[in-house]
Amino acid sequence: VRGLHDGQKMHYAQQAALAVLSQLKETDLAGAVAFDSEAYVLSSLAPLSQNRAELTEKIERLQYGGGTDFFRALETAADQLGRTRRVIRHIILLTDGDTNRSPTDHYPLISLVSQRQISITTIRIGADMVNLRLLSYMSEKTKGRFHHVQNIEQLPQLLVRDTKRAIGQDEDEDDEDDEDDEDDE
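Within each chain, residue numbers correspond to sequence positions counted from 1 in written order. Whole-chain, interface and lining totals are the exception, using all residues; otherwise, since this is a predicted model, local features are given only for residues with pLDDT of at least 70 and side-chain atom pairs are given and counted only at 80 or more. Heavy atoms from the whole structure form the basis of all side-chain values; hydrogens and water molecules are not counted.

1. A word on the packing of helix 4 (residues 103-115) against helix 5 (residues 132-141)
Two numbers describe how helix 4 lies on helix 5: the axes approach to 10 Å, and their chain directions differ by 15°. When the axes of helix 4 and helix 5 are compared, the pair comes out roughly parallel. Crossing of helix 4 against helix 5: the hand is right-handed. Mapping the contact onto sequence places Pro103, His106, Tyr107, Ile110, Ser111 and Ser114 in helix 4 and Leu134, Tyr137, Met138 and Lys141 in helix 5. Between N-to-C directions, angles cover 0 to 180 degrees, with each direction set by a line fitted to C-alpha atoms, over the stretch in contact for helices. Counting from the N terminus, the helices are the DSSP runs of H or I reaching at least four residues and the strands are the DSSP runs of E reaching at least two. Our angle categories are set so that under 35 degrees counts as roughly parallel, over 145 as roughly antiparallel, 65 to 115 as roughly perpendicular, and the remainder as oblique. Should the near helix be turned anticlockwise from the far one by less than a right angle, the crossing is left-handed, and should it be turned clockwise, the crossing is right-handed. Should any heavy atoms of two residues lie within 4.5 Å, those residues are considered in contact.

Written out as structure tokens, the structure is:
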């Protein structure tokens, strides 16, 4: 993302996560896993009536750290969702695309997530091309969506729109091919 430092990217990611929380009902399950070189459970999957305040507080306190390895965060989120009987089980992965692992290291996990019928929306933040194929494959294989966001200011609206689609509140189902509409610089 041209002209933005990592702290600014984190700020927009936080605003996007908080916007998603505001769209969900108290009976919806939500959790959050942050990551840098390790995964950190901010709040385990629970009805928002039980963890909305905790999620909000911990998301607001997130700070940019070093390293990037989203594998364990994805694994943790999938494990938590895999234990639920909910019909809609969805992960939103926000990343700059960098990972400390080879793309092929992710394929068994992606396959497992797909078998569990958990969808993954991957949102790649930044103008470069790091791991676009991996992130796109991840979403395609799990019946999620892939977005390559270069205009970070659009991130909160994009996450709200994706959440509405995932929970069946999308009012305009005819925009299936809008994956690239967030690519404006």
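Okay, back to it.
2. A short note on the packing of aromatic side chains
Ring pairs are drawn from Phe, Tyr and Trp, using the six-membered ring of Trp, whenever the two centres fall within 6.5 Å, and their geometry is named by plane angle: stacked under 30 degrees, edge-to-face over 60, tilted for the rest. The full count for this structure, using the stated rule, is 2 aromatic pairs. Taken together, a centroid distance of 6.3 Å and an interplanar angle of 70° make the contact between Phe35 and Phe70 edge-to-face. Of this pair, Phe35 sits in strand 1 (residues 29-35) while Phe70 is found in the loop between helix 2 (48-61) and helix 3 (71-82), placing the two residues 35 residues apart along the sequence. Relative to Tyr137, the ring of Tyr107 lies with its centre 5.1 Å away and its plane at 65°, an arrangement referred to as edge-to-face. With Tyr107 in helix 4 and Tyr137 in helix 5, this residue pair connects regions lying 30 residues apart in the sequence.

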